[in-house]
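# Understanding the architecture of this molecule
Listed below are the residues making up each chain.
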2 protein chains.
Amino acid sequence: MASMSPVGAYRHGGRLREAAAAFPHAPTPWLDLSTGINPEPWRGPRAAWSDLARLPDPAEIADLERIAAGAFGVDDPRRVLATAGAEAGLRLLPAVIGGADVAIVSPTYSCHETAWRLAARPVAAVSLEAAFEAVASVLVIVNPNNPDGRRTERAALLDLAMIRSRSGLWTVVDESFVEASPELSVAGAAIEHLIVLRSFGKFYGLPGVRLGFIVAEPVVIERLQALQGDWPISADAMAIGRAAYLDETWRGQTRERLERDAHALDKLLAAHGLTVIGGTSLFRLISTPSVSVLFEALCEQGILTRPFQDAEDRLRIGVPREAGLARLAAALEGLKS
Amino acid sequence: MASMSPVGAYRHGGRLREAAAAFPHAPTPWLDLSTGINPEPWRGPRAAWSDLARLPDPAEIADLERIAAGAFGVDDPRRVLATAGAEAGLRLLPAVIGGADVAIVSPTYSCHETAWRLAARPVAAVSLEAAFEAVASVLVIVNPNNPDGRRTERAALLDLAMIRSRSGLWTVVDESFVEASPELSVAGAAIEHLIVLRSFGKFYGLPGVRLGFIVAEPVVIERLQALQGDWPISADAMAIGRAAYLDETWRGQTRERLERDAHALDKLLAAHGLTVIGGTSLFRLISTPSVSVLFEALCEQGILTRPFQDAEDRLRIGVPREAGLARLAAALEGLKS
């Protein structure tokens, strides 16, 4: 049986070309369920060639940040900084957050650990329960969490951030997947030492645009802005971001549609004896002893999912639209025979 | 007379919205000659919506880097890293270049100093002559230089980089404007401790795409890549960059056309008694005692140029195409009366 190199399959989702090379006989196009990206993206006007032909105007970036602040429930737009994706944002943090050690509520998205380790900061994995007792200079928590969808309620998180702040301790909340459950967001709370990361690409289904945001105290935002310079994002990110964050109707409809699609996926998985142990309406995490067999069998049907090196019984499956769900259903049906 | 805030006019070129607010009666659209960006951009296919709707595939970024390496005359594509603009690239350097002090051949583009100071490194301005004697851990040289177009010949720069490398000293060559004078480039030289920065936006006329490159030893590139993560650039940057760097015909024709346009600008400026003291075929630097009068008078005609806070007798003027040149000619003619 063909197999995909562990590096490719385990490192991140979205490595379709590597998958296609490992499974050359799989039907194309591939169905990419290896990420938690909305498969039905927002659509609207893109940047014109005339916008590509000039430097992004800082005044226009400020416009985008003001609009995004409105969408996040942030009163003061000086608290919002646009970055070339949430990933670019989290990698800026070690340069502006003082203190020594970092506690990361784990298991979670691996790049938080990567970013702090590259900055030579000692990093420890903690459980959510231990997080509430943690005295590390920096606490990182992804909410809702990736890959298991674990939710930390807003009130509890605000308490935690406030208590930590009184001792000068930082709390970083990665809300990359919060757009589908906005009631969890703490972005609107102006707490000192609280930093919130937001992603555009996942909920809006446009990760290729590279757009994300950091929400923090204005003095922190100023330092981050100086660090990344005047032109962090592309003309396309500005044009698409500004229009999409103003589109409340699409946002509401999309939240409802994603919920429906996630329930349809749950039903299909349950019918095939696959236990969903968590997720958000953008992805589900299943637990099964036969992950490697299932992963490779789906690859042979041109369906890429996301296994984890350090959790061999877990598989993350992006929530597909109807056509994708039908293809996944046929593939799972084929496995029975 | 209306006036543009010093922050806006002095900080960078391209702040058109601020200029338009300061000179509300200026004819529109503005002619932006405040940058050194080719006013006739490369055109070709952009990323499709389906590319925006997925994460940039690392294999495709590697393709772009291989193609760019070819265009830069770099044999080993592992020596090339794509970044979201040359600006994003230079800001990554302090994290991977060891040593203490930094010497910057000055006057030059101000963000080099900004980036190293933000990383708490002591920075000194040095002359080009002093650069050849400098023992600073890091030497930064922009070639050709911005804003004066000063050229350092390739052979001299290679000697300098090699001598410094023997003592473990780093040389950073910012070749953001080299595309129009490729004979100056040292990107193809595999010298330890030599780092070259390249910009896509200026010569190709598409700064809104946000694309640049770092050329360095593979071991340095690996560290930089780990720092910036797997998705540094947008789908548009990949699509446009790959096609543009393969377009040798356009590159050759554009070099010739830029030369012609620069000579036409020189002729116009000379006819109005304005002395060109340097430049590249993307911009010219003039010296005149009446910079502030000239700058504001051009603003009133809707033409934005670039003054400098620390050199009050200098004005940088982007090289316009025919229509822009005619408009500049009319504005200069109007100043006489």
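### Points about the overall build of chain A
Tallying secondary structure elements over chain A gives 14 helices and 13 strands in all. The C-alpha atoms of chain A give a radius of gyration of 20 Å, which matches the 20 Å a tight globule of 337 residues would have. Seen through its principal axes, chain A has C-alpha atoms that stretch 60 × 50 × 35 Å. In chain A, which comprises 337 residues, the share counted as buried stands at 60%. Taking the intrachain contacts of chain A between residues at least 6 apart in sequence as the baseline, contacts between residues at least 24 apart amount to 69%. Total accessible area on chain A is roughly 12,800 Å²; 54% of this is exposed by carbon and sulfur atoms.

### A few points about the pairing of strand β4 (residues 123-126) of chain A
Within a regular strand, side chains alternate between the sheet's two faces. All names here are of chain A. Relative to β4, strand β3 (residues 102-105) runs parallel, the two sharing four bridges. Residue pairing across strands places Val-102 opposite Val-123, the latter belonging to β4. Remark: the β3/helix α6 (residues 111-118)/β4 crossover connection has right-handed handedness.

### Focus: the packing of helix α12 (residues 248-271) of chain A against helix α14 (residues 322-336) of chain A
Think of two packed helices as two axes; the pair is described by the angle between the axes and how far apart they sit. All names here are of chain A. Their axes nearest at 11 Å, the elements α12 and α14 cross at an angle of 5°. Of the possible angle classes, the one that applies to α12 and α14 is roughly parallel. Taking contact as the criterion, the partners of Ala-264, Leu-265, Leu-268 and Leu-269 in α12 are, on α14, Leu-325, Leu-328, Ala-329 and Leu-332. Counted by class, the contact of α12 with α14 contains eight nonpolar, no polar and no charged residues.

### Re the nonpolar core
Ranked by internal contacts, the top residues of the largest apolar core, which has 55 residues, are Leu211(A), Phe213(A), Ile233(A) and Tyr245(A). Examining the composition of this core, we find that six residues originate from one element, helix α4 (residues 58-72) of chain A, more than from any other. Non-local contacts of Phe213(A), meaning those with residues more than four positions away in its chain, are made with Leu64(A), Ala68(A), Phe72(A), Val80(A), Leu81(A), Ala82(A), Thr83(A), Val196(A), Leu197(A), Arg198(A) and Tyr245(A). Listed in part, the 54 residues of the second largest apolar core include Leu158(B), Ile191(B), Val196(B) and Leu211(B).

### Comments concerning the relation of the copies chain B and chain A
Of the transformation placing chain B onto chain A, the axial shift is 0.0 Å and the rotation is 180°, giving an RMSD of 0.0 Å. Here the two chains are linked by the operation of a two-fold rotation axis. Mapped onto chain A, 100% of the interface residues of chain B again fall at the interface, so both copies present the same surface.

### Comments concerning empty space enclosed by the protein
Across all of its chains, the model carries four cavities of 30 Å³ or more by this definition. In this model, the largest cavity occupies a volume close to 60 Å³. Lining the largest cavity, in full, are Ala84(A), Val209(A), Arg210(A), Pro232(A), Ile233(A), Ser234(A), Ala84(B), Val209(B), Arg210(B), Pro232(B), Ile233(B) and Ser234(B).

### Re α12(A)
All names here are of chain A. Counted at 1.5 Å a residue, the expected span for α12 with its 24 residues is 34 Å, and the 35 Å between its end C-alpha atoms agrees. For α12, the set of buried residues is Trp-250, Arg-251, Thr-254, Arg-257, Leu-258, Asp-261, Ala-262, Leu-265, Asp-266, Leu-268 and Leu-269. One or two residues past the end of α12 sits Gly-273, with phi positive at roughly 70°.

### Concerning the pairing of strand β9 (residues 275-280) of chain A
Residues and elements named next belong to chain A. In terms of strand pairing, β9 meets strand β10 (residues 283-287) through five bridges, oriented antiparallel. When the sheet's bridge partners are listed, Val-276 is paired in β10 with Ile-286. In sequence, β9 turns back onto β10 through a hairpin of two residues.

### Description of the side chain of Ser181(B)
If you trace the backbone, Ser181(B) turns up in the loop between β6 (170-174) and β7 (194-199). If sequence neighbours within four positions are ignored, Ser181(B) has contacts with Pro144(B) and Arg151(B).

### Observations regarding the sheet that holds strand β9 (residues 275-280) of chain B
Residues and elements named next belong to chain B. The four strands lie next to each other as β9-β10-β13-β12, forming an open sheet whose pairing is antiparallel. This sheet does not close on itself; its edge strands, each paired only once, are β9 and β12 (306-307). When β12 meets strand β13 (residues 314-318), the two strands line up antiparallel, connected through two bridges. Looking at β13, one finds that Arg-306 is bridged to Arg-316. Contacts from helix α13 (residues 291-300) reach β10 (283-287), β12 and β13 within the one sheet, and its direction differs from that of β13 by about 30°.

### Some words on the packing of aromatic side chains
For the structure shown, the criterion picks out 22 aromatic pairs over all chains. Measuring from ring centre to ring centre gives 5.4 Å for Phe72(A) and Tyr245(A), while their planes differ by 85°; the resulting arrangement is edge-to-face. Highlighted residues: Phe72(A) in helix α4 and Tyr245(A) in helix α11 (residues 235-245), separated in sequence by 173 residues. A relative accessible area of 6% means that Phe72(A) is categorised as buried. Taken together, a centroid distance of 5.3 Å and an interplanar angle of 85° make the contact between Phe203(B) and Tyr204(B) edge-to-face. For Tyr204(B), a relative accessible area of 0% translates into the label buried.

### Brief notes about the interface of chain B and chain A
Put simply, an interface is often sized by how much accessible area is lost when its parts join up. Residue-level contacts link 50 residues of chain B with 50 residues of chain A. Both sides of the chain B and chain A interface together cover about 4,000 Å² of buried area, and 58% of this is carbon and sulfur. Linking chain B with chain A are six salt bridges. Between Arg17(A) and Asp63(B) there is a salt bridge, and its shortest N-O distance comes to 3.0 Å. Along the contact surface separating chain B from chain A lie 22 residue pairs in polar contact (both at pLDDT 80 or more). Of all the secondary structure elements, the ones that give two or more residues to the side of chain B that touches chain A are α2 (16-22), α3 (49-52), α4 (58-72), α5 (86-92), α10 (218-228) and α11 (235-245) of chain B. Taken together, the residues that form the side of chain B that touches chain A break down as 24 nonpolar, 10 polar and 16 charged.

Parameters and conventions
Residues numbered from 1 in each chain as written. Chains lettered and ligands numbered in written order. Predicted model: local features only at pLDDT ≥ 70, side-chain atom pairs only at ≥ 80, totals over all residues. Heavy atoms only, no water. Helix = DSSP H or I, 4+ residues; strand = E, 2+ residues; numbered from the N terminus. Rg over C-alpha atoms; globule rule 2.2 N^0.38 Å. Buried < 20%, exposed > 50% of the residue type's maximum accessible area, 1.4 Å probe, protein only. Contact = heavy atoms within 4.5 Å. Areas by Shrake-Rupley, 256 points an atom, 1.4 Å probe, with all protein chains shown as cover. Pairing = 2+ DSSP bridges. Right-handed = clockwise from strand over helix to strand, strands pointing away. Axes fitted to C-alpha atoms, helices over the stretch in contact; angles between N-to-C directions. Parallel < 35°, antiparallel > 145°, perpendicular 65-115°, else oblique. Nonpolar A, V, L, I, M, F, W, Y, C, P; charged D, E, K, R; others polar. Core = buried A, V, L, I, M, F, W, Y, C linked by side-chain atoms within 4.5 Å. Least-squares fit on C-alpha atoms with pLDDT ≥ 70 in both. 1 Å grid on protein atoms, 1.4 Å probe; cavity = no way out; pocket = protein on both sides within 12 Å on 5 of 7 lines; lining within 4 Å. Points joined across faces, edges and corners; volume = space filled by probe spheres on them. Expected span 1.5 Å × (residues − 1). Phe/Tyr/Trp six-rings, centres within 6.5 Å; stacked < 30°, edge-to-face > 60°. Buried area = accessible area lost by both parts, 1.4 Å probe. Salt bridge = Lys/Arg side-chain N within 4 Å of Asp/Glu carboxyl O. Polar contact = N/O pair within 3.5 Å; in protein donor to acceptor, adjacent residues only side chain to side chain.

Limitation: the analysis is restricted to geometry and does not speak to function.
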